[in-house]
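Geometric and topological summary
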Amino acid sequence: PRAPNNIAKQQHELAFHHLFLNKPTSKMTTNIGAQAADAVNEKLVERQKLEQEMYAHHQDLQTLISQRNENEMVKEELEICEKESSDATIYKQVGPVLLKNDLSDATDTIEKRLEFISGEIKKTEGLISKKEGRYEELGKAIQEMQNAMQKAAVEAAKAAAQQAAS
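Rules and cut-offs
- Just so you know, the residues in each chain are numbered from 1, in the order the chain's sequence is written.
- A pLDDT threshold of at least 70 governs which residues receive local features in this predicted model, and a stricter bar of 80 or more applies before side-chain atom pairs are shown or counted, although totals over entire chains, interfaces and linings include all residues.
- Each side-chain value is worked out from all heavy atoms of the structure, with water and hydrogens disregarded.
- Segments assigned H or I by DSSP are reported as helices when at least four residues long, segments assigned E as strands when at least two residues long, and all are numbered from the N terminus.
- Buried, partly exposed and exposed residues are distinguished by accessible area as a fraction of the type maximum, computed with a 1.4 Å probe on protein chains only: under 20%, between the cut-offs, and over 50%, respectively.
- Contact definition: two residues touch when any of their heavy atoms are within 4.5 Å.
- Method for areas: the Shrake-Rupley scheme with a 1.4 Å probe, in which residue coverage is limited to the protein chains shown.
- Structural elements are reduced to axes, namely lines fitted to C-alpha atoms, with helices fitted over the stretch in contact, and the angle between N-to-C directions of any two is expressed from 0 to 180 degrees.
- Angles below 35 degrees are treated as roughly parallel, those above 145 as roughly antiparallel, those between 65 and 115 as roughly perpendicular, and all remaining angles as oblique.
- Handedness of each helix crossing follows the sense of rotation of the near helix against the far helix: counterclockwise by less than a right angle gives left-handed, clockwise gives right-handed.
- Here, patches come from residues exposed beyond 30% relative accessible area and free of salt bridges, joined within 9 Å for like charges and within 5 Å for nonpolar side chains (Val, Leu, Ile, Met, Phe, Trp, Tyr).
- The salt bridge criterion pairs a side-chain nitrogen of Lys or Arg with a carboxyl oxygen of Asp or Glu, the two atoms within 4 Å.
- Charged residues are defined here as Lys and Arg on the positive side and Asp and Glu on the negative side; His and the ends of the chain fall outside this count.
- Taken as the charge location is NZ of Lys, CZ of Arg, CG of Asp or CD of Glu.
- The definition of a nonpolar core used throughout is a set of buried Ala, Val, Leu, Ile, Met, Phe, Trp, Tyr and Cys residues joined through side-chain atoms within 4.5 Å.

What follows covers the overall build of the protein. Looking only at helices and strands, the protein has three helices and two strands in total. Taken from N to C terminus, the helices and strands of the protein fall in the order α-α-β-β-α. Looking at the 166 residues of the protein, the share that counts as buried comes to 20%. Excluding contacts between residues fewer than 6 apart, the proportion of contacts in the protein whose partners are at least 24 apart in sequence is 69%. Summed over its atoms, the accessible surface of the protein is roughly 12,300 Å², and 52% of this surface lies on carbon and sulfur atoms.

On to the packing of helix α2 (residues 32–84) against helix α3 (residues 103–165). Between α2 and α3, the shortest axis-to-axis distance is 7 Å and the interhelical angle comes to 160°. Judged on the interaxial angle alone, α3 and α2 are roughly antiparallel. With respect to the hand of their crossing, α2 and α3 are arranged in left-handed fashion.

Let's shift gears to a negative patch on the surface. On the surface, Glu-72, Glu-76, Glu-77, Glu-79, Glu-82, Asp-102, Asp-105, Asp-108, Glu-111 and Glu-115 cluster together into a patch of negative charge. Those elements giving two or more residues to the negative patch turn out to be α2 and α3. The element contributing the most residues to the negative patch is α2, with five residues. Summarising the element assignment, Glu-77 is placed in helix α2.

By the secondary structure assignment, Ala-39 is in helix α2. A residue is classified by how much of its surface remains accessible, and Ala-39, at 8% relative accessible area, is buried. Put simply, Ala-39 and Met-145 are 106 residues apart on the chain and 8.5 Å apart in space, counted from C-alpha to C-alpha.

Side chains that are nonpolar tend, in soluble globular proteins, to be buried together. In terms of nonpolar packing, the biggest core is built from six residues, these being Leu-78, Ile-90, Leu-103, Ala-106, Ile-110 and Leu-114. For Ala-106, the contacting residues outside a window of four places in its chain are Leu-78, Ile-90 and Asn-101. One finds Leu-61, Leu-64, Ile-117 and Ile-121 within the second-largest nonpolar core, a separate group that totals five residues.

What follows is the structure, encoded as structure tokens:
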């Protein structure tokens, strides 16, 4: 009974090693459980890093949305000025100084700024989406690894109990 048990144990260790480390099995250490725990911890650290990056991207997105809203309000104000009188005086703040600006120049500037901000919003949303996908993948991988570790622990306990009974 010991020979098949050892073969099964070796096969289990090889499969376990492949699942967690994806490294050659010739340099396998004796503590597979510690290696598996380390592999899970690495995935957890990567997942936490992704979470922090997603948080930063969400903050960037909120900033961009605020900027878009502000610029849309300015655009609406410029449209009101354009409807009421074509000779309205528009001022642009440059540092501490107010400079006269053409209504058409101001409108063009705001429209270009809105285009740029909209592009940045799309880019940031894409980054968030990509990171969320990776975050979910890591969550599934971690769950699979933890399930494999539990299964291995149960099998090891059964094998130890059988060995003790022999």
